[in-house]
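# An overview of the molecular structure
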Amino acid sequence: MNTSLVNKNTFNLQSKITNDWGGSHRIVINLEALSDAKDWNLGIDLPENYRIDQIYGAELTQEGDQLYISGVSWNQSLSQGSKTEIVFIIDEGASSSESPKNTEFIFADSVPSESTSMLNTNSHIVEDWQGGYKLELDITAESEANDWQINFNLPYSIRDVYGADLITNDDGSYTITGQNGQANLQAGQSIRPIFIIDDGGEPALELDVIAEEVYEPAPEVPEPAPEVPEPAPEVPEAENQMMVSSSITEDWQGGYKLELDITAESEANDWQINFNLPYSIRNVYGVDLVTNNDGSYTITGQNGQANLQAGQSIRPIFIIDDGGEAALELDIINGEVPEPAPEVPEPAPEVPEPAPEIPEPAPEVPEPENQMMVSPEITEDWQGGYKLELAIEAEAEGNNWQIDFNLPYSIREVYGADLIDNGNGNYTIMGQSNQASLQAGQSIRPIFIIDDGGQQALNPEFTDSVTVVEPEPAPTPEPIIIPPVDIPETPGESVGQQGQFSYGEALQKNFLFFEAN
């Protein structure tokens, strides 16, 4: 490539689709120079079937299959702090039936090396309502991708993310990374995180992906021998504080949904929040939950959210079973981050005493085989799919447990467990974070949203490593047999006196009355 590109730290770039005419759309790109930029060039990557029909405020060039934009006479060289606006009119071609997608921009430090692992991404807006929308992102590794991350621009606020860890960057862009067992992806492996986005009533937009590549780490440079530094003066640490606020957003018979706003008032590393609640928490999204022995609960941050900067906030969601009682807010015990315990100087080394005689080891007692008991239940069924809840209970201590099963359908979403699609209808689930290891008797209840293409809803087929407990069907009531009534055929013949009244005589007179009329 002969064209010299600018680096990401040269410009603050914001692009937005401002008009959609069905078959074509208008994109406005605002550039702010963060440093002096002379004869600048930017690479652009258009979605499939798109072409630039008109351009204002920049010049379009092409080398091979790669497109570039550069400045024109008045904005070819920009000094630090200068701003300029560029407008594209995009012809969508054969993709005009889909929602418009934003253009991707290529900087010098976003071009991968030849040996770079690649990720293929495709976003879909699946629900759209007044004030926000739901977006699903298909991510597939074209080759092995370790510690992958995806950067993208979006002019709106992302309220919730399920299935990936989200970082909001200082320049307004976003970064997502894999959770737990999905931080590294094998070639052909795919995941499908979900985003809940607040758009303030503006048009719903796809993600403007900046980079879909996974970069190899730079070669390690041996560090020089460390110098012994002078001890720094002790500075008292500021008390780490967490500000929490809970709100009940949905309430139904038997349970409710609660959202918790958590904001760090100062830097909070390895934070945790303890609270009381007299009900059972069925599912938690966005944090890790620990149920304590005294009936209280503790939550901690997941992965990239275990440490929060001052002013950074997250919004976990709780699904709570209240047994028909009144929905309650969380009773927060503390919203602080405990300071680390003071370091205790190590004592001077003692002269070791002669080692005692080592007794012969006791015979090894084989540990009981880790067994998981599962009970699947289809709780909702609709045309084209269904919802399945899976009760999982550890019959013995299960460390780093996983369950394999077969299902002939596609699993669209999973909440409460990590899912690996092994191909050919075979899947593996494992515990998330603190649920990767279960104590004997401990249970979880993940939820699966399954697309069955209009076929019959089916329970998964599990391997022999788990005990499957089928839900008991409701008992079928025995039919009630009513014996026939024996009515005399002879007209006028009394069937006899029964108790105080002659029912036979009354019946006979009733027949005579109807015959007369």
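Anyway, here's the lowdown on the structure attached to this text. Because the structure is a prediction, the values reported are computed rather than measured.

A few words now on the overall build of the protein chain. Regarding its fold elements, the protein chain presents one helix and 43 strands. Counting over 517 residues, the protein chain shows a buried share of 39%. In the protein chain, of all internal contacts separated by at least 6 residues, the share reaching a separation of at least 24 is 72%. On the protein chain, roughly 31000 Å² of surface is accessible, and the fraction owed to carbon and sulfur atoms is 48%.

This part takes up the packing of aromatic side chains. This model, assessed by the stated rule, comprises 14 aromatic pairs. Ring centres of Phe 11 and Trp 40 lie 5.5 Å apart, and the angle between their planes is 85°; this geometry places the pair in the edge-to-face category. Linking Phe 11 in strand β1 (residues 11-20) with Trp 40 in the loop between β3 (37-38) and β4 (41-45), this pair joins segments that are 29 residues apart in sequence. Arranged with centres 6.0 Å apart and planes meeting at 90°, the rings of Phe 152 and Phe 195 form a pair that is edge-to-face. Here Phe 195 lies in strand β20 (residues 194-198) and Phe 152 lies in strand β14 (residues 149-153), a separation of 43 residues in the sequence. The exposure class of Phe 152 is buried, given its relative accessible area of 0%. The exposure class assigned to Phe 195 is buried, which follows from its relative accessible area of 0%.

Attention shifts here to unusual backbone geometry. For Asn 180, which is not glycine, the phi dihedral falls at a positive 45°. Checked against the element boundaries, Asn 180 lands in the loop between β17 (174-177) and β18 (184-185). We classify Asn 180 as partly exposed; its relative accessible area is 31%. Here the phi dihedral of Asn 424 falls at roughly 55°; this positive angle occurs in a residue that is not glycine.

Okay, the pattern of salt bridges next. When charged atoms on two side chains of opposite charge get close, those side chains can pair. Scanning the entire structure with this criterion turns up 19 salt bridges. In this structure, Glu 259 engages Lys 257 in a salt bridge whose closest nitrogen and oxygen atoms are separated by 3.9 Å. On the basis of relative accessible area, Lys 257 is assigned to the buried category, the value being 18%. Taking the shortest distance from any N to any O, the salt bridge between Arg 315 and Glu 259 comes out at 2.5 Å. Separated by 56 residues along the polypeptide, Arg 315 in the loop between β31 (313-314) and β32 (317-321) and Glu 259 in strand β24 (residues 255-264) bring together distant segments of the chain.

Reading across the sheet, the four strands line up as β6-β7-β4-β10 and stay open at both edges, with antiparallel pairing between neighbours. The outermost strands of the open sheet, each flanked by one partner alone, are β6 (59-63) and β10 (104-106). This sheet shows a mean twist of 35° between the axes of neighbouring strands, independent of strand direction. Sheet topology note: the β4/β10 ladder contains three bridges and is antiparallel. Its bridge partner being in β10, Asp 45 is matched across the sheet by Glu 104.

This next bit is on the side chain of Lys 257. Looking at the secondary structure, you find Lys 257 in strand β24. Sequence-distant contacts of Lys 257, that is, excluding residues within four places in its chain, are made with Ser 247, Ile 248, Thr 249, Glu 250, Trp 252, Ile 317, Phe 318 and Ile 319.

Its location among the elements puts Trp 252 in strand β23 (residues 242-252). For Trp 252, a relative accessible area of 34% translates into the label partly exposed. Taking C-alpha positions, Trp 252 is 9.7 Å from Asp 321, a pair spaced 69 residues apart along the chain. What Trp 252 contacts, discounting residues up to four positions off in sequence, is Lys 257 and Ile 319.

Looking at the secondary structure, you find Asn 102 in the loop between β9 (83-91) and β10. Residue classification places Asn 102 among the buried positions, given a relative accessible area of 10%. Polar contacts involving the side chain of Asn 102 include one to the side chain of Ser 15, which spans 3.3 Å. With sequence-adjacent residues up to four places away left out, Asn 102 is seen in contact with Ser 15, Lys 16, Ile 17, Ile 27, Pro 47 and Asp 208.

In this section: the nonpolar core. With 50 residues, the main nonpolar core has Trp 40, Phe 152, Leu 154, Ile 176 and Phe 195 as its most contacted residues. The biggest single contributor to this core is strand β12 (residues 132-141), with five residues. Those residues in contact with Phe 152 that lie beyond four places of it in its chain are Ile 158, Leu 166, Ser 173, Tyr 174, Ile 176, Phe 195, Leu 207, Asp 208, Val 209 and Ile 210. Ile 403, Leu 407, Leu 419 and Ile 450 belong to the second-largest nonpolar core, a separate cluster that totals 25 residues.

Quick look at the sheet that holds strand β28 (residues 287-291) now. A sheet is described by the order of its strands in space; here four strands give the open sequence β28-β29-β26-β33, paired in antiparallel fashion. Unpaired on one side and paired on the other, β28 and β33 (331-334) mark the two borders of the sheet. The sheet shows a mean angle of 30° between the axes of neighbouring strands, direction not considered. As paired strands, β28 and strand β29 (residues 297-301) are joined by five bridges and run antiparallel to one another. Along β29, the bridge assignment pairs Asp 288 with Thr 300.

Parameters at a glance
Residues numbered from 1 in each chain as written. Predicted model: local features only at pLDDT ≥ 70, side-chain atom pairs only at ≥ 80, totals over all residues. Heavy atoms only, no water. Helix = DSSP H or I, 4+ residues; strand = E, 2+ residues; numbered from the N terminus. Buried < 20%, exposed > 50% of the residue type's maximum accessible area, 1.4 Å probe, protein only. Contact = heavy atoms within 4.5 Å. Areas by Shrake-Rupley, 256 points an atom, 1.4 Å probe, with all protein chains shown as cover. Phe/Tyr/Trp six-rings, centres within 6.5 Å; stacked < 30°, edge-to-face > 60°. Salt bridge = Lys/Arg side-chain N within 4 Å of Asp/Glu carboxyl O. Pairing = 2+ DSSP bridges. Axes fitted to C-alpha atoms, helices over the stretch in contact; angles between N-to-C directions. Polar contact = N/O pair within 3.5 Å; in protein donor to acceptor, adjacent residues only side chain to side chain. Core = buried A, V, L, I, M, F, W, Y, C linked by side-chain atoms within 4.5 Å.

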